[in-house]
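# Working through the structure, step by step
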Amino acid sequence: MNLNIVCAGLYLENDKDVKSQFEETKGLARACDYEIVGEIIQKRRTPHPATYFGEGKVSEIKALIEETKAGACMIAAPITPSQMRTLKEMLGVRVFDRNDCILEIFGKRAHTKQAKLQVELATLKHELPFVIHTQQNFSRMRGGSKNKGEGEKQYQLDRRKYEIRIQKVEKELKEVKKSLASMKRKRHRSDLKMVSLVGYTNAGKSSCMNEILRYCDKDEDKQVFVKDMLFATLDASIRHVSYKGVEFLLSDTVGFVSHLPHELMDAFHSTLESVSDADLILQVVDESNENVLEHMEVTQKTLKKLSVENTPMWVLHNKCDLCEYKKNEKGHFYISAEKGVGISEVLEAVVEMIRKERMTLEVCVDYENIDLNAKIHRFANILSCVEKQDHWEYQIEVDRRYASLFQ
């Protein structure tokens, strides 16, 4: 059964994103299967240091909770541990904020071992500051550093449990990353270009990926999960595709979001490692969303943190069936993944770009030249090989950056 909640937020002065952030927070709540039965917003210059809202507004929120029989109150922004504890006492129901909601979504949607460990680590680091504020009836400390109250002893025990678990998860993550690094090296040896789909959450990246896979005649079991909700996809998905004789790797990644909890930043970036390896980035944007420019700005900032701002990037203006199609121009494609419109033009451009990066060579290699033979098998795609009396005659396709090895 869905939990009924009241969503409460502040409209702060000089905050242009507050309205869109409030609407996005409601979308996060729905992605957690919460039923929003009431909304309340207060205009303030700054948040109240103790209760976040003014005391009068807290009374209004409590009345709304009682009227709607809501089981919890969601705050549409991050709040401090002391504010959360005070609000819980005053409202008499569960209180959680935007960060808690994002962590809950990530916890529900993580499927791979790496993603699960990353989310657990982020959750533990997020909850750790709250430990001291959840202890009730702390006893007073007695004189002397060795004589500590029972409350403080319990706090120290709880904190120690968190710290031990954090160390254990970090160790497990290192082992998982070693295994993933081995897979990454194998991909590099294959010399296939990597094309990565990125963009704001719910922009349609997974729909674009599925439509590209359909054009490339890939089986349906290779398609990725799609749903009209925030963070429908968390785990990075990489598929080997071929279009008109050109092979490449296509990756779908977790969507970006503004004001991401700092506890999730490391986990978030680790999931985006395939973007760091990309030869081409396809930024998918929801052209029908009124905040499309802000979403593109968030994407650019996140890519900059990943140090991939110099990687070639094209923009796929998705969901044009809901607004207006425009003529494609350099680096910009107007598409509808749901309707299958414009995908073939994107694929044609990707294939053309990859072909320009590759060249065909004819190479004669003596049987004794073991090193050159090894380089051919590692860096080139062998189109044909003919055995002669004292050498091999290869016809190979190779990336231009490796051509000097064989000339």
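You'll find the structure just up there.
Described in the following lines is the structure provided in the data block. Counting restarts for each chain: residues are numbered from 1 in the order of the written sequence. A pLDDT threshold of at least 70 governs which residues receive local features in this predicted model, and a stricter bar of 80 or more applies before side-chain atom pairs are shown or counted, although totals over entire chains, interfaces and linings include all residues. For side-chain calculations, the full set of non-hydrogen atoms in the structure is used, while hydrogens and water are omitted.

### Details of the pattern of salt bridges
The criterion, for reference: Criterion for a salt bridge: a side-chain nitrogen of Lys or Arg within 4 Å of a carboxyl oxygen of Asp or Glu. Labels follow the DSSP assignment, with helices taken as runs of H or I lasting at least four residues and strands as runs of E lasting at least two, numbered in each case from the N terminus. Relative accessible area decides the class of each residue, using a 1.4 Å probe on protein chains only: under 20% of the type maximum gives buried, over 50% gives exposed, and in between gives partly exposed.
Counted under the stated rule, the structure contains 16 salt bridges. Lys26 is paired through a salt bridge with Glu23; the nearest N and O atoms lie 3.3 Å apart. Of this pair, Lys26 and Glu23 both sit in helix H1 (residues 18-31), 3 residues apart, which is roughly one turn of that helix. Residue Lys26 is classed as buried on the basis of its relative accessible area, which comes to 9%. A residue is classified by how much of its surface remains accessible, and Glu23, at 40% relative accessible area, is partly exposed.

### Brief notes about the sheet that holds strand E1 (residues 4-12)
For clarity, the threshold we go by: Only strands joined by at least two bridges in the DSSP assignment are considered to pair. Axes, fitted as lines to C-alpha atoms, cover a helix only where it is in contact. Angles between the N-to-C directions of the axes lie from 0 to 180 degrees. Contact criterion: two residues are considered in contact whenever any of their non-hydrogen atoms come within 4.5 Å of each other.
One open sheet accounts for 4 strands, arranged E2-E1-E3-E4; its pairing is parallel. The open sheet has two edge strands, strand E2 (35-44) and strand E4 (94-97), and neither has a second partner. Between one strand axis and the next, the sheet turns through 20° on average, direction left out of account. Pairing of strand E3 (residues 72-75) with E4 involves 4 bridges; the strand directions are parallel. Bridge pairing in E4 places Cys73 opposite Val95. Contacting E1, E2 and E3, helix H2 (residues 55-68) runs over the sheet at an angle of about 170° to E2.

### Brief notes about the packing of aromatic side chains
How we decide: Only Phe, Tyr and Trp rings are paired, with Trp represented by its six-membered ring, and only when their centres lie within 6.5 Å; those with planes under 30 degrees apart are stacked, over 60 edge-to-face, the remainder tilted.
Going through the model one piece at a time under the given rule, you end up with 5 aromatic pairs. Residues Tyr367 and Trp392 carry aromatic rings whose centres are separated by 4.6 Å and whose planes lie at 85° to one another, so their mutual orientation is edge-to-face. One end of the pair, Tyr367, is in the loop between strand E11 (358-366) and helix H13 (370-379); the other, Trp392, is in strand E13 (residues 391-399), with 25 residues separating them in the sequence. For Tyr367, a relative accessible area of 28% translates into the label partly exposed. Judged by centre distance (6.3 Å) and plane angle (45°), the rings of Trp392 and Tyr394 are tilted.

### A few points about the side chain of Asp286
Heads up, the rule is: Each polar contact in these results corresponds to two N or O atoms within 3.5 Å; when the atoms are within protein, one needs to be able to donate a hydrogen and the other to accept it, and residues that are neighboring in sequence are counted only if both atoms are side-chain atoms.
With respect to the helices and strands, Asp286 occurs in strand E8 (residues 280-286). Polar side-chain contacts of Asp286 include one of 2.6 Å to the side chain of Ser288. Aside from chain neighbours lying at most four places away, what touches Asp286 is Asn202, Ala203, Val292, Asn318 and Lys319.

### Quick look at the sheet that holds E13
Strand pairing in a sheet is mediated by backbone hydrogen bonds. Such pairs are either parallel or antiparallel. Strand order in the open sheet made by the 3 strands is E11-E13-E12, with antiparallel pairing throughout. Two strands lie at the open edges of the sheet, namely E11 and strand E12 (380-387), each paired on one side alone. Mean inter-strand twist for the sheet, computed between neighbouring axes without regard to direction, equals 20°. In this structure, E12 lies alongside E13, joined through 7 bridges in antiparallel fashion. Residue pairing in the sheet places Val386 in a bridge with Glu393 of E13.

### Quick word on the packing of H2 against helix H3 (residues 81-91)
As a reminder of what qualifies: Comment on the angle field: the value is read as roughly parallel under 35 degrees, roughly antiparallel over 145, roughly perpendicular from 65 to 115, and oblique elsewhere. Helix crossings fall into two classes, left-handed where the near helix is turned counterclockwise from the far one by less than a right angle and right-handed where it is turned clockwise. Each residue gets one of three labels, nonpolar for Ala, Val, Leu, Ile, Met, Phe, Trp, Tyr, Cys and Pro, charged for Asp, Glu, Lys and Arg, and polar for the others, Gly among them.
At a minimum axis separation of 10 Å, H2 and H3 run at an interaxial angle of 55°. As summarised for this structure, H2 and H3 are arranged oblique, according to the angle between their axes. Crossing geometry of H2 relative to H3 is assigned as right-handed. Side by side, H2 and H3 meet where Val58, Ile61, Lys62 and Ile65 of the first sit next to Leu87, Met90 and Leu91 of the second. When its residues are assigned to classes, the contact of H2 with H3 shows 6 nonpolar, no polar and 1 charged.

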